[in-house]
Amino acid sequence: MKDFKNKEIVLGAVVIGILSVIALSLIVKRELDSKSYKTQVKSAPTAEQFSSIETVEDSVEMEEEDSADTVSVREQMSDSIAADTVTVQKNNAAAIKTKEKNANQLYRILGRDTYQPYTMVERKEEDGQMAELFSYWDAYKLQAVSDLIHLDRVRAISEELKGTSHYYYFGGLDKLGRPNGKGLAIYPDDTYYCGEFKDGLRHGEGMWLQVAFYEKNEEKLNLGLIEHMYNGEWSKDLPNGEGQEHFEYDYSILNEKGDTITNVIGTFKNGLYHGDMYIMTANNNGNTTDWYGTCENGSWVPMSELSPAKTYAIWYADGDNERYQYIQASQNIMQGVLGMKR
């Protein structure tokens, strides 16, 4: 009986041990499952994280789309820039061509044809007429000068040069035989210059004068103009600096109905008006008006918008800022001392 009880005790202990092992295994398994679950929960995205993930994915898609759009925009910009460059190049080429055309026109207007420059030729001064004219002009006795150049014997000097591109000279010379210092030049068509020269060119202070002599029935063609003069500073053979342009008319034959320019005083650049200018005009009754305007390289600065007739204001009247002088836009180029001979 005692042995049986001992066996029962041993058997019970074994069962308890087995159950304990099983229970312990179950506990360990549960803990491991619990940790695994917690890990999965911890690594799983939250609602906010889901939203963030979707945003990132959308961002990636947008970046891909933006990348494609950027390439397209760049291509369009490249094409546009290329087209604009071609346009600019064409415009520049056209501007250069226009500038060259205007420059050629300017040379023709100012008598500076590069293919037929005016050159000095010698004239034997046996009669001393050029010396006489120079002496009065150098002393600024302008009435005596006017009297002389209206005499046939003095006009004959200019007539000798008719149809040529030559001029006679009296005055100082440099070592190369070019006009230098003070002197007098006589050109064809009753045109004169008296003043300073440098290296064969008009340079310094001097007066240029062209006199109009009318034959029968020529008055209307020239609007009664009898003298055209520029007096002032020169450089490189052209008016440069401060000076005055003057027009003298015979009002008995002047057929211009509107205002005609008589004086332009201000600054000049290569023969053109450049800067603030004072202008005097007169009508065929001899009544004068003073005007003011600004010119840039021979083009008057507009003072009003372009009208339907393609005109704009360029001068305002002295004492009346609401009164203007107008000009056709197409004519607003090469405004300066015209008809000048080199």
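Residues numbered from 1 in each chain as written. Predicted model: local features only at pLDDT ≥ 70, side-chain atom pairs only at ≥ 80, totals over all residues. Heavy atoms only, no water.

**Re the overall build of the protein chain**
For the protein chain, the count of helices and strands is 5 helices and 14 strands. For the protein chain, the proportion of its 342 residues judged to be buried stands at 30%. Taking as baseline every contact in the protein chain between residues at least 6 positions apart, the subset at least 24 positions apart corresponds to 46%. Counting every atom, the protein chain has about 22,000 Å² of accessible surface; 54% of that belongs to carbon and sulfur. (Helix = DSSP H or I, 4+ residues; strand = E, 2+ residues; numbered from the N terminus. Buried < 20%, exposed > 50% of the residue type's maximum accessible area, 1.4 Å probe, protein only. Contact = heavy atoms within 4.5 Å. Areas by Shrake-Rupley, 256 points an atom, 1.4 Å probe, with all protein chains shown as cover.)

**Remarks on helix α4 (residues 142-149)**
Of the residues making up α4, those classed as buried are V145, S146, L148 and I149. Taken around the axis of α4, the buried residues stretch over an arc of 165°, which confines them to a single face. Those residues of α4 that are buried lie in contact with α3 (129-138), α5 (152-159), β4 (191-198), β5 (201-211) and β6 (225-235). (Arc of directions from axis to C-beta.)

**So, the side chain of H246**
Here H246 shows up in strand β7 (residues 238-249). Residue contacts for H246: discarding those within four places in its chain leaves E227, H228, M229, T262 and N263.

**Here's the deal with the packing of α3 against α4**
Packing of α3 against α4 brings their axes to within 8 Å, and their N-to-C directions diverge by 155°. In this view, α3 runs roughly antiparallel relative to α4, as classed from their interaxial angle. Where α3 crosses over α4, the handedness of that crossing is left-handed. Across the interface between the two elements, E132, L133, Y136 and W137 of α3 pack against L142, A144, V145, L148 and I149 of α4. When the residues that make up the contact of α3 with α4 are grouped by side-chain class, the tally is 8 nonpolar, no polar and 1 charged. (Axes fitted to C-alpha atoms, helices over the stretch in contact; angles between N-to-C directions. Parallel < 35°, antiparallel > 145°, perpendicular 65-115°, else oblique. Left-handed = near helix turned anticlockwise from the far one by under 90°. Nonpolar A, V, L, I, M, F, W, Y, C, P; charged D, E, K, R; others polar.)

**Digging into α5**
Within α5 the residues assigned to the buried category are V154, R155, I157 and S158. Looking straight down α5, one finds that the buried residues subtend no more than 140° of arc, so they occupy a single side. Each element contacted by the buried residues of α5 is listed here: α3, α4, β2 (166-173), β3 (179-187) and β4.

**Describing the packing of aromatic side chains**
Throughout the structure, instances matching the rule amount to 15 aromatic pairs. Geometrically, the ring pair formed by Y118 and Y187 is edge-to-face, given 6.2 Å between the ring centres and 75° between the ring planes. Placement of the pair is Y118 in the loop between α2 (47-109) and β1 (119-121) and Y187 in strand β3, with a sequence separation of 69 residues. Taken individually, Y118 and Y187 each receive the classification buried, so the pair is uniform in this respect. Judged by centre distance (5.6 Å) and plane angle (70°), the ring pair of F268 and Y273 falls under edge-to-face. Classification of F268 by relative accessible area gives buried; the value is 4%. Under the relative-accessibility criterion, Y273 is labelled buried at 4%. The cationic tip of R123 hangs over the ring face of Y168; the distance from NZ or CZ to the ring centre is 5.7 Å. Positioned above the aromatic ring of Y193, the side-chain terminus of R202 is 5.6 Å from the ring centre. (Phe/Tyr/Trp six-rings, centres within 6.5 Å; stacked < 30°, edge-to-face > 60°. Lys NZ or Arg CZ within 6 Å of the ring centre and 35° of its normal.)

**Looking at the nonpolar core**
Core analysis: the biggest nonpolar cluster contains 26 residues, and M277 and W300 have the highest contact counts within it. Within the residue set of this core, elements represented by two or more residues are β2, β3, β4, β6, β8 (260-269), β10 (275-282), β11 (288-296) and β13 (311-317). Tallying contributions element by element places β13 first for this core, with 4 residues. In this structure, M277 is in contact with V264, I265, G266, T267, F268, W291, Y292, G293, C295 and W300, ignoring residues within four places of it in sequence. (Core = buried A, V, L, I, M, F, W, Y, C linked by side-chain atoms within 4.5 Å.)

**Here's the deal with the confidence of the model for the protein chain**
Per-residue confidence for the protein chain gives a mean pLDDT of 76; residues scoring 70 or more make up 61%. For the protein chain, the element scoring lowest by mean pLDDT is α2, at 46; β4 scores highest, at 97. In the model, residues 1-5 has pLDDT below 50 throughout and makes 0 contacts with residues more than four positions away in sequence or in other chains. Counting interchain partners and residues more than four positions distant, the pLDDT-below-50 stretch residues 95-116 has 28 contacts. (pLDDT = per-residue confidence, 0-100.)

**Concerning the side chain of R202**
Structurally, the position occupied by R202 is in strand β5. At 3.3 Å, the side chain of R202 and the side chain of Y187 are in polar contact. (Polar contact = N/O pair within 3.5 Å; in protein donor to acceptor, adjacent residues only side chain to side chain.)

**Some thoughts on the environment of W300**
Mapped onto the secondary structure, W300 falls in strand β12 (residues 299-300). Sequence separation between W300 and I314 is 14 residues; the distance between their C-alpha atoms is 5.9 Å. Those residues in contact with W300, other than ones at most four positions away along the chain, are Y273, M277, I279, G293, T294, C295, I314, W315, N332 and Q335.

**Things to note about the pairing of β10**
Of all 8 residues that make up β10, 6 are buried, and the element is covered over most of its length. Pairing analysis gives 5 bridges linking β8 to β10, with the strands arranged antiparallel. If you follow T260 over to β10, its bridge partner there is A282. Bridging between β10 and β11 involves 8 bridges; their strand directions are antiparallel. When the sheet's bridge partners are listed, A282 is paired in β11 with T288. What sits between the antiparallel neighbours β10 and β11 is a turn of 5 residues, in which G286 has the positive phi angle 85°. (Pairing = 2+ DSSP bridges.)

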